[in-house]
Amino acid sequence: MSNADIERLVHDRSLIRESFDDEQVAGYWAKAMASLADARAAGLSVDGRYVMAYTAALQAALAVLAAHDLRVRGTSNHYMTFHALQKLNSTLRQCGQRFDALRLTRHQAVYEPEHDEAEMETLLARALDALRVGIPACRAEIIAVRPSVSERLRQPVF
């Protein structure tokens, strides 16, 4: 863990230290896996699938932070969640960057009244690629920090 970066975020009140038990960490993970399954569901709209892919990334990042007994506080929670993920260690830096890129492009799926369907399909494919790399990295980090929760962390299905 990059202690100096994390301590700075705690000092700035962007993160707070909070105790999470294994059940809570596993709960975040279960939500991430459910959102990932929804992102892959053929019956949903491409916008809905993109939003669920983004949600899976956010929930996986929250699970990692909880495993470290950290919670995001204040405004810009989604941004700060991915930013803090990048600061935990070098392995998660790329994961946090890729997840944050999903945050930046989800605007189109959520807020725009119209969009190019082909473009959204491309964005969804990129989101699923980011998850294919990032979700296993998050799972590995949780297990490294909390070996006791490893049996409760379902493997991602892609």
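Numbers given for residues are sequential positions, taken from 1 along each chain in its written order. With pLDDT at 70 or above as the cut-off, local features in this predicted model cover only qualifying residues; side-chain atom pairs require 80 or more to be listed or tallied, and sums for whole chains, interfaces and linings still use all residues. As a convention, hydrogens and water are excluded, and side-chain values are obtained from all of the structure's heavy atoms.

Considering helix 5 (residues 90–111)
Right, on to step 1. Counting from the N terminus, the helices are the DSSP runs of H or I reaching at least four residues and the strands are the DSSP runs of E reaching at least two. The span one expects for a helix is its residue count, reduced by one, times 1.5 Å. End to end, helix 5 covers 33 Å across 22 residues, agreeing with the expected 32 Å (1.5 Å per residue, within 8%).
Right, on to step 2. Buried within helix 5 are the following residues: L92, C95, G96, F99, D100, L102, Q108 and A109.
Right, on to step 3. For the purposes of these results, a polar contact is taken to be a pair of N or O atoms within 3.5 Å, where, inside protein, one atom must be able to donate a hydrogen and its partner to accept one; residues adjacent in sequence count only when each atom of the pair is a side-chain atom. The N-terminus of helix 5 is capped by N89, whose side-chain oxygen sits 3.0 Å from the backbone nitrogen of T91. With a 1.4 Å probe rolled over the protein chains alone, any residue whose accessible area is under 20% of its type maximum counts as buried; one over 50% counts as exposed, and the rest are partly exposed.

Quick look at the confidence of the model for the protein chain
Right, on to step 1. Every residue carries a pLDDT, the predictor's confidence in it, which falls somewhere between 0 and 100. When pLDDT is averaged along the protein chain, the result is 92; 99% of the residues meet or exceed 70.
Right, on to step 2. Averaged over each element, pLDDT in the protein chain is lowest for helix 5 (88) and highest for helix 2 (residues 22–39) (98).

Some remarks on the packing of helix 3 (residues 46–67) against helix 6 (residues 117–145)
Right, on to step 1. Orientation is described by axes fitted as lines to C-alpha atoms, over the contacting stretch for helices, and by angles from 0 to 180 degrees between their N-to-C directions. For the pair helix 3 and helix 6, the least separation of the axes is 9 Å and the interaxial angle reads 15 degrees. Looking at the two axes, helix 3 sits roughly parallel to helix 6. Helix 6 is crossed by helix 3, and the crossing has left-handed handedness.
Right, on to step 2. We call Asp, Glu, Lys and Arg charged. Ala, Val, Leu, Ile, Met, Phe, Trp, Tyr, Cys and Pro are nonpolar, and the rest, Gly among them, are polar. Residue composition of the contact of helix 3 with helix 6, by class: 19 nonpolar, no polar and 5 charged. Working rule for angles: under 35 degrees goes down as roughly parallel, over 145 as roughly antiparallel, 65 to 115 as roughly perpendicular, anything else as oblique. The hand of a helix crossing depends on one turn: near helix anticlockwise from the far one by less than a right angle means left-handed, and clockwise means right-handed.

Focus on the pattern of salt bridges
Right, on to step 1. Salt bridges are defined by distance alone: a side-chain nitrogen of Lys or Arg within 4 Å of a carboxyl oxygen of Asp or Glu. For the structure on display, the rule yields 7 salt bridges.
Right, on to step 2. Ionic pairing is found between R17 and E7, a salt bridge with its closest N-O pair at 2.0 Å. With R17 in strand 1 (residues 15–17) and E7 in helix 1 (residues 3–11), this pair connects stretches of sequence that are 10 residues apart.
Right, on to step 3. Residue D22 is joined to R146 by a salt bridge in which the shortest nitrogen-to-oxygen separation is 3.0 Å. In this pair, D22 sits in helix 2 while R146 sits in the segment after helix 6, placing the two residues 124 residues apart along the sequence. With respect to burial, D22 and R146 carry one shared label: buried.
Right, on to step 4. In the salt-bridge network here, residues are joined through shared partners; they are D22, D69 and R146.

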